[in-house]
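If you want the building blocks of each chain, they are given just below.
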Amino acid sequence: MEYYNPNSYPAFSAFEEPPPPAISSEGIIAEDITKRFRSAASTLEPGELVKDGYFSLFESVGALEIMDPKMDSGCLAPGESLYEDYDVTRPLLPSEVIGIIDQLLSFEVAWHLGYPLSQTLFTSVYIEKMVQLSPQNLEDADFIKDRPAGSPRDPMHTVLRAYCLGLLKSCHYVNERIKQEHSYEEEDFVTNTYSRSLLENLDRDMIREEIMAARKVIDDMKGELTDEVAHALGFRLELRTAFLRAIELSELRTNSDSLSVPWYQMQGVWESINKSRSLGTPVPDAFSAKIQRRLASTMPPRPIVQPTPEEAHENFKRMIADGIRVVNVLNYSDSQSLLNFVMTFQAQRPQPLVYIRSLLQSFLFHEMVILGRLSIRQILGDDLSITVLGRSVLLDPANDEIEAPQHPLFVISQQMELFRQRAAQSYLDIFRTFCQNRCRVRRTMFHALLDWESMQIDAQELDSRLQLQLKEKPLIYPPTNGVESYSLPLSSWTYLYKLRLMEWTVQLGFELDIYHPDELAGMYWYLGYLARTRAAHVERVQFFAARRAESEHNMSKTYTSLRPSQSQNYRSKPYLDLAALETAYTSDLADALSWLYAALLRLGLVRPPPRPYSTEALRYHQVRMKPFAGIGLPELPSHEAFARVVAQEGTSTPMLLEQAARAAKDARGKLEGMAKLKEKEAFAVGCHEAWLKGVKNATRAAIATVVAATSLGKVVQEKREGRVTVEVPKAEKAYHEWWIVPRVVEVRD
Amino acid sequence: MAATKEPNADSEVHKTSLPGELQYIQYQHSLEAQYLPAIRSLISKDLSEPYSIYVYRYFLCQWGHLCYMALNPTDSSLIGVVICKLEMHSSHSTPTLRGYIAMLAVSSQYRGHGIATKLVRMAIDAMAERNADEIVLETEETNIPAMRLYERLGFLRSKKLHRYYLNGNSAYRLVLPLKAVDESAEESE
Ligand SMILES: CC(C)(COP(=O)(O)OP(=O)(O)OC[C@H]1O[C@@H](n2cnc3c(N)ncnc32)[C@H](O)[C@@H]1OP(=O)(O)O)[C@@H](O)C(=O)NCCC(=O)NCCS
């Protein structure tokens, strides 16, 4: 929006009436409404607000005040010029080229971190001059315009220009990739290019050739440059080619080994770039906040954001390392390892940059072909098989071949297709959700819960149709004093994920420091409750899975065309065993921490704030547990029941602490068992190291819980409650973000 | 509402004792000429980006009755202010009457005397009297004094908002439920 025209300023003083603009345009009849406006305005008191019902807070925040230098980008201090007056045609020393490139690298990092181009790369006068007229061909893509025909470019200009070409082109690809995948504009990243070109019209190979040519120019200058400087310039150009190559290969989604080659190349080059930083001379004048005035934007001018060279180094290094790692997702082994890959990759602190997260999304989902080679059906089938169905006839693709509508396999094939249509999007959304920033992961999962809740009901309907076709015989479950039940595979699968989603939202609450310390006893109790519910469900699934072969045998007797489900050893066994272990340690450790915090509340070592407003029950139902209110199974306990079980009033404090120490010890044992699992057994193929790190950190949290509960037990025994204080660490300071273990500290005199 | 600046080194240093019993008064439009400049300057002192005059008027012209000021009894100068709004909020499946605390500031030399607490309580009381279902606000994750103040009164953090402010900092959404609202688990944006 142009709200200020520099050419007409200052045509009139503030007190004089400006002359009415001469409007003469075909089809427009101008009418001077100054008088009417004035008389209407005179009926208002100063400061009275005139607005329609649609003028929202958002609009009022977007309003600018003319002549306030913080808001008005055209407002100049006395003597200040409107534009920067840096001369891009001036000769550059090699050290200045290094300096400018290194500044550009810092700005590139700032852009990757989420700051707009207007405050980062677009503050470069060289870039502005290069792109402001949207170059359509290679010759125009230069910051020096109107170069006399036939005269060669200055060598240092050649190098800087080639660097800028490669930089802008990679920014174009990065921006496009991010726009194609899911992320949050402004919050994660700003894709606005302010109508400036990022060389989208120039061919990638031509740009690569320009960079090669510039490297040749450096070689030819051997006599004039020291080796060090020549290498420093060369490495910087090589970084651009390698990055372009890494981007190009990532579009192929083929072999992870070849995809990682340019990333490794960048890694080596980056080290050399970092070491040669001292050879550069910064040229601060080559960057200006004033360029923002020329960009198509309604934003007030904002300060330049330039990370320090150290921050730039750390972030660039990390982006490269993540770039190397992310391509490993392409080595698909099974759906659960894939989920673990995405979860552990995204659980890294700090989280991978948006571009890398977008790459991961494109590897996963581009054109609805998972990892470049799997159909959604394959991956969903794989997951159903691993988790509940094993080698069930329900998953046999040969069912699709049956054409007789009365044939049970025909009906089965139809019902399974209905289920896939219902479930595919929700299932893939779990992966997509984990690729978002952590705050959004939690919020998005809350929304997803309701979807899974309703899917579970739909799945039950399909289950009952399937059991009819399979002539499934009900089994008594639980085996002792249970009732006749069916296996319900599809709704079992849905329930399994719904419970995991519920646990994740609670765990992310710990990770994001959502809960006040006095809420921790309750939230860990709830986590334990969810984990126990999942454990019981896993047990049920195990029971029916182990007998599935038998029950499906009935059917194969009737229909000889059926392939009998072969082995008694069901394929889902290792997964269910692992799930049993994982839910068991989770409920143990959650219980331990719940009891520990309950004891701390009793002892007054963790205190609730006075909270004169609202009530515990309102806070519980309207805020903290509100996202779970719509879930039918497991039902949210009433506030009364919740408060009772969390307080554990029937148990003495020493007992409570003893219980806590014991449960944490049990958790530790289970975690140590998990740490021994091979990558296949852990369903962590391709991410075992990261997965193991999570297990080890949880183990440390379990050990710390034992220590805290035991030492607090002693304090209570010795009646030294008044001599200790308790620190509740922030999640980032905890051994594991999901396990906030309090520290008992002796008060010193 | 907006991000606060890093506190400058001297802001907490010279604490002054209170100049006697402060006056707490409700804002009204007739006070604009006398107090709006002072409100603006008090609030923008701690903001990383300034608000235009429209933002203040947006609130004060519509919800002046939900704005309270703490005044110095000796010269009636402004020491603290809270600015709010109260509106139907309908991204929930059941619309709620939602109060929103938009701005709060106390002159740095008079902090730590309970002035902000008193102002916020007056604002909550006024909104509760007008049947608010809930009161919400956002505060920067690094703004410990503000978070403690609200949590002491009964607010809970409901969600974290990633890079909510232009300075790149994240925020927490704080919620104080005042009434039971019957609805499904729809989370609002
Ligand atoms: C946040 C802010 C408004 C708090 O103002 P304040 O008047 O100092 O707040 P209060 O005095 O009510 O509370 C502050 C402390 O004083 C204590 N206090 C409360 N009543 C008190 C009293 N009568 N006497 C002494 N101390 C008191 C409180 O317990 C609190 O201590 P704690 O937080 O260390 O536990 C102020 O710091 C400020 O203006 N900050 C900049 C703007 C800002 O951040 N606004 C909030 C944006 S959402």
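All values reported here derive from a predicted model rather than from experimental measurement.

1. Some thoughts on the overall build of chain A
If you tally the helices and strands in chain A, you get 21 helices and 4 strands. Along the first, second and third principal axes, the C-alpha atoms of chain A reach 90 × 70 × 65 Å. In chain A, buried positions account for 54% of the 749 residues. In chain A, the proportion of contacts linking residues at least 24 apart, taken out of those at least 6 apart, comes to 79%. Counting only carbon and sulfur atoms, one obtains 55% of the accessible surface of chain A, whose full area is about 33,900 Å². The average position of the 84 basic charges and that of the 98 acidic charges among the side chains of chain A differ by 7 Å.

2. Points about the UniProt feature "domain: NAA35-like N-terminal" (unreviewed entry) in chain A
The feature "domain: NAA35-like N-terminal" (unreviewed entry), as annotated in UniProt, sits at residues 46–208 of chain A in this numbering. With 39% helix and 0% strand, the stretch residues 46–208 of chain A has end C-alpha atoms that lie 62 Å from each other.

3. Regarding the sheet that holds strand S1 (residues 23–26) of chain B
Two strands in a sheet stick together by hydrogen bonds in their backbones, pointing the same way (parallel) or opposite ways (antiparallel). Residue and element names in this part refer to chain B. Reading across the sheet, the 7 strands line up as S1-S2-S3-S4-S5-S7-S6 and stay open at both edges, with mixed pairing between neighbours. A strand with exactly one partner marks an edge of an open sheet, and here the two such strands are S1 and strand S6 (156–161). Between one strand axis and the next, the sheet turns through 25 degrees on average, direction left out of account. Here strand S5 (residues 134–140) runs beside strand S7 (residues 171–177); their pairing, made up of 7 bridges, is antiparallel. Note that in S7 the partner of Val136 across the bridge is Val175. Helix H2 (residues 53–63) rests against strand S3 (78–89) and strand S4 (96–106) of the sheet, and its axis sits at about 70 degrees to S3.

4. Examining the pattern of salt bridges
Opposite charge on two side chains lets them pair, provided their charged atoms get close. Within this structure, the stated rule accounts for 62 salt bridges over all chains. In this structure, the salt-bridge partner of A:Lys222 is A:Asp219, at a minimum N-O distance of 3.8 Å. Given a relative accessible area of 46%, A:Asp219 falls into the partly exposed group. Here B:Lys85 ties to B:Glu87 by a salt bridge, and the two come within 2.9 Å at their closest N and O atoms. By sharing partners, the salt bridges in this structure join A:Arg204, A:Asp205, A:Arg208, A:Arg245, A:Glu248 and A:Glu251 into a single network.

5. Focus: the site of the ligand
All names here are of chain B. For the ligand, the set of nearby residues contains 17 residues, the closest of which are Leu104, Gly112, Gly114, Thr117 and Asn143. Arg152 places a side-chain nitrogen or oxygen 3.0 Å from an oxygen atom of the ligand. Surface burial for the ligand is 71%, taken as the share of its 940 Å² of free accessible area covered by protein chains. Elements that contribute at least two residues to the shell around the ligand include exactly S4, helix H3 (115–129) and helix H4 (144–153). A per-element tally of the shell around the ligand places H4 first, with 4 residues. Residues of the shell around the ligand, tallied by class, amount to 7 nonpolar, 6 polar and 4 charged.

6. A word on unusual backbone geometry
All names here are of chain A. The omega torsion across Tyr477 and Pro478 is -10 degrees, close enough to zero to call that bond cis. Tracing the backbone through its elements, the reader meets Pro478 in the loop between strand S1 (475–477) and strand S2 (483–485). For the peptide bond that leads from Leu633 to Pro634, omega is -5 degrees, which places it in the cis range. With respect to the secondary-structure elements, Pro634 resides in the loop between helix H18 (616–624) and helix H19 (639–647). Despite not being glycine, Met67 has its phi angle at roughly 75 degrees, a positive value. Relative to the helices and strands, Met67 is located in the loop between helix H2 (57–62) and helix H3 (94–113).

7. Some remarks on the side chain of A:Thr123
Residue position: A:Thr123 is located in the loop between H3 and helix H4 (125–131). Look past the residues within four positions of A:Thr123 in its chain and what remains in contact with it is A:Phe107, A:Leu117, A:Ser118, A:Ala286, A:Phe287, A:Ser288, A:Ile291 and A:Ile304.

8. Re the interface of chain B and chain A
Each partner contributes to the interface: chain B provides 50 residues, whereas chain A provides 53 residues. If you look at where chain B meets chain A, you find 1 salt bridge. Notably, a salt bridge pairs A:Glu65 with B:Arg40, separated by 2.9 Å at the nearest N-O pair. The tally of links from chain B across to chain A stands at 18 residue pairs in polar contact (both at pLDDT 80 or more). Considering every element that reaches the side of chain B that touches chain A, the biggest residue donor is H2(B), with 8 residues.

9. Focus on the domain arrangement of chain A
Residue and element names in this part refer to chain A. When the domains of chain A are assigned, the result is domain 1 (1–82), domain 2 (94–327) and domain 3 (378–744). Centre-to-centre, using C-alpha coordinates, domain 2 lies 46 Å away from domain 3. With both chains or domains summed, domain 2 and domain 3 bury close to 500 Å², and 28% of this area falls on carbon and sulfur atoms. Looking only at domain 2, the three residues that lose the most surface to domain 3 are His182, Tyr184 and Glu187, adding up to 75% of its buried area. Between the two partners, domain 2 and domain 3, sit 2 salt bridges. Residue Arg432 pairs with Glu181 through a salt bridge whose shortest N-O separation is 2.9 Å. Here domain 2 is connected to domain 3 by 5 residue pairs in polar contact (both at pLDDT 80 or more). Looking at the side of domain 2 that touches domain 3, its residues break down into 1 nonpolar, 2 polar and 3 charged.

10. Looking at H4(B)
Residue and element names in this part refer to chain B. Turning to H4, its buried residues are Ala146, Met147, Leu149, Tyr150, Glu151 and Leu153. In this structure, the buried residues of H4 make contact with S4, H3, S5, S6 and S7. At the N-terminal end of H4, a side-chain oxygen is found 3.3 Å from the backbone nitrogen of Ala146, two or three residues along, and the residue is Asn143.

11. Notes on the packing of helix H5 (residues 155–180) of chain A against helix H6 (residues 204–220) of chain A
All names here are of chain A. Across the interface, H5 lies against H6 with an axial gap of 9 Å and an inter-helix angle of 150 degrees. Judged by the inter-axis angle, H5 sits roughly antiparallel to H6. Considering how the two elements wind past one another, H5 and H6 form a crossing that is left-handed. Side by side, H5 and H6 meet where Pro155, Thr158, Val159, Arg161, Ala162, Leu165, Gly166, Lys169 and Tyr173 of the first sit next to Arg204, Ile207, Glu210, Ile211, Ala214, Val217 and Ile218 of the second. Residues that form the contact of H5 with H6 fall into these classes: 10 nonpolar, 2 polar and 4 charged.

12. Some remarks on the nonpolar core
A:Trp263, A:Trp739 and B:Ile39 are the most contacted members of the largest nonpolar core, which totals 284 residues. A per-element tally of this core places helix H17 (residues 573–602) of chain A first, with 15 residues. Two domains share this core, each providing at least three of its residues, namely domain 2 (94–327) and domain 3 (378–744) of chain A. Setting aside its immediate chain neighbours within four residues, B:Ile39 contacts B:Tyr27, B:Tyr56, B:Leu60, B:Met69, B:Leu78, B:Val81 and B:Ile83.

What counts and how
Residues numbered from 1 in each chain as written. Chains lettered and ligands numbered in written order. Predicted model: local features only at pLDDT ≥ 70, side-chain atom pairs only at ≥ 80, totals over all residues. Heavy atoms only, no water. Helix = DSSP H or I, 4+ residues; strand = E, 2+ residues; numbered from the N terminus. Buried < 20%, exposed > 50% of the residue type's maximum accessible area, 1.4 Å probe, protein only. Contact = heavy atoms within 4.5 Å. Areas by Shrake-Rupley, 256 points an atom, 1.4 Å probe, with all protein chains shown as cover. Lys, Arg positive; Asp, Glu negative; His and termini not counted. Charge placed at Lys NZ, Arg CZ, Asp CG, Glu CD. UniProt positions renumbered as here; feature names shortened; annotations may be inferred. Pairing = 2+ DSSP bridges. Axes fitted to C-alpha atoms, helices over the stretch in contact; angles between N-to-C directions. Salt bridge = Lys/Arg side-chain N within 4 Å of Asp/Glu carboxyl O. Near = heavy atom within 4 Å. Polar contact = N/O pair within 3.5 Å; in protein donor to acceptor, adjacent residues only side chain to side chain. Nonpolar A, V, L, I, M, F, W, Y, C, P; charged D, E, K, R; others polar. Domains from an automatic or database assignment. Buried area = accessible area lost by both parts, 1.4 Å probe. Parallel < 35°, antiparallel > 145°, perpendicular 65-115°, else oblique. Left-handed = near helix turned anticlockwise from the far one by under 90°. Core = buried A, V, L, I, M, F, W, Y, C linked by side-chain atoms within 4.5 Å.

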